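The residues making up each chain are set out below.
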Amino acid sequence: MITVALSKGRLLDDFISYLDHQGLPHYLDVLKNQNRALFIEIDNIKFVFAKGPDVPTYVENGIADIGIVGSDIIMEDTFNILNVSQLPFGECYFALAGPPGIKHFKTVASKYTNISARYFKEKKQDVELIHLHGSVELAPLLGLADGIVDIVQSGNTLRDNGLVVYEKILDIHGRLITNKQTFYTRENEIYDFLNEIGVIK
């Protein structure tokens, strides 16, 4: 049995839609109805449901053989994993956003301060970064920051809060990651699963 760590939320929904498109009902039906389960087993695959930032940690420590995670997570922090390939789902992007009419950003809030720091350094802009864990859209609305760096998918959350995109920073997509050791010691099992779901041919 191999273990696959899945990011809960948007990326899990995208993975389920992808499995539907691939015509894999034996995975699809169980994943759609997993409710609040922390993990489930289907045939010889154990699926573990974790918060996105925790998926690489499970893979790095050998708890999971494979991880499906957003590229934002592995760009923000450093993990001792194999970053194997891009996946055909999970597309969105990082953006600098804020209320209309901002001429110069002096303070920016984000959950992704490392990515934000690299972006402003490349732009040669001196910006104070504030790290938040929750809804960063609140920061400019309450006067904590001039703007935010955050993930944008549909843009509805920004529009609903009166914020606009000032600049698209970089694209985000789903990534397939694996544990460095088990990628080689359990190569056949891993490749069988990846072939089955259509990630590799």
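Here is what the cut-offs are and how they apply
- Residues numbered from 1 in each chain as written.
- Predicted model: local features only at pLDDT ≥ 70, side-chain atom pairs only at ≥ 80, totals over all residues.
- Heavy atoms only, no water.
- UniProt positions renumbered as here; feature names shortened; annotations may be inferred.
- Pairing = 2+ DSSP bridges.
- Helix = DSSP H or I, 4+ residues; strand = E, 2+ residues; numbered from the N terminus.
- Axes fitted to C-alpha atoms, helices over the stretch in contact; angles between N-to-C directions.
- Contact = heavy atoms within 4.5 Å.
- Phe/Tyr/Trp six-rings, centres within 6.5 Å; stacked < 30°, edge-to-face > 60°.
- Buried < 20%, exposed > 50% of the residue type's maximum accessible area, 1.4 Å probe, protein only.
- Lys NZ or Arg CZ within 6 Å of the ring centre and 35° of its normal.
- Patch = residues over 30% accessible without salt bridge, like charges linked within 9 Å, V, L, I, M, F, W, Y side chains within 5 Å.
- Areas by Shrake-Rupley, 256 points an atom, 1.4 Å probe, with all protein chains shown as cover.
- Salt bridge = Lys/Arg side-chain N within 4 Å of Asp/Glu carboxyl O.

You'll find the protein chain entered in an unreviewed UniProt entry as ATP phosphoribosyltransferase, with Jeotgalibaca arthritidis given as the organism. Turning to the protein chain, the UniProt annotation filed under Sequence similarities (unreviewed entry) states: "Belongs to the ATP phosphoribosyltransferase family. Short subfamily."

Undergrad: Explain the sheet that holds strand β7 (residues 107-110) here, please?
TA: One key point about sheets: their strands pair by backbone hydrogen bonds, in either a parallel or an antiparallel sense. Spatially, β8-β7-β9-β6-β10 is the arrangement adopted by the five strands of the open sheet, whose pairing is mixed. The sheet terminates laterally at β8 (128-131) and β10 (164-172), the two strands that pair on one side only. Direction aside, neighbouring strands of the sheet carry axes that sit 25° apart on average. Where strand β6 (residues 92-98) lies against β10, seven bridges are found, and the strand directions are antiparallel. Among the inter-strand pairings, F94 is bridged to a residue of β10, identified as L170. Relative to the sheet, helix α5 (residues 113-122) contacts β6, β7, β8, β9 (147-152) and β10, its axis offset from that of β8 by approximately 170°.

Undergrad: I tried to follow the sheet that holds strand β5 (residues 82-86) on my own but got confused; where do I start?
TA: The six strands lie next to each other as β2-β3-β1-β4-β11-β5, forming an open sheet whose pairing is mixed. Edge strands, defined here as strands with exactly one partner in the open sheet, are β2 (39-42) and β5. The mean angle between the axes of side-by-side strands here comes to 25°, regardless of whether they run parallel or antiparallel. As paired strands, β2 and strand β3 (residues 45-50) are joined by four bridges and run antiparallel to one another. Each bridged residue has a counterpart across the sheet, and for F39 the counterpart in β3 is V48. Those strands touched by helix α2 (residues 25-32) are β1 (2-7), β2 and β3, and its axis lies near 155° from that of β2.

Undergrad: Explain the packing of aromatic side chains to me, please; I cannot follow it from the model alone.
TA: For any pair of aromatic rings, the description rests on two quantities: the centre-to-centre distance and the angle between the ring planes. Scanning the model with the defined rule gives ten aromatic pairs in all. Centre to centre, the rings of F15 and F89 are 5.8 Å apart; their planes meet at 40°, and the pair counts as tilted. One end of the pair, F15, is in helix α1 (residues 10-22); the other, F89, is in the loop between β5 and β6, with 74 residues separating them in the sequence. The exposure class of F89 is buried, given its relative accessible area of 5%. With centroids separated by 5.7 Å and ring planes inclined at 80°, the aromatic side chains of Y27 and F47 adopt a geometry described as edge-to-face. Of the two residues, Y27 sits in helix α2 while F47 sits in strand β3, which places them 20 residues apart along the sequence. Here Y27 and F47 have matching classes, each one buried. These aromatic residues form a ring-pair network of at least three members: F15, Y18 and F89. Residue placement shows K46 over the ring face of F39; its charged tip is 5.0 Å from the ring centre. When the ring centre of Y93 is taken as origin, the NZ or CZ atom of K168, which lies over that ring, is 5.3 Å away.

Undergrad: Please explain a nonpolar patch on the surface as it appears in this structure.
TA: Judged by side-chain polarity, L138, L141 and L142 come together as a nonpolar surface patch covering roughly 310 Å² of accessible area. Within the fold, L142 resides in helix α6 (residues 138-142). Exposure remark for L142: the relative accessible area of 67% places this residue in the exposed category.

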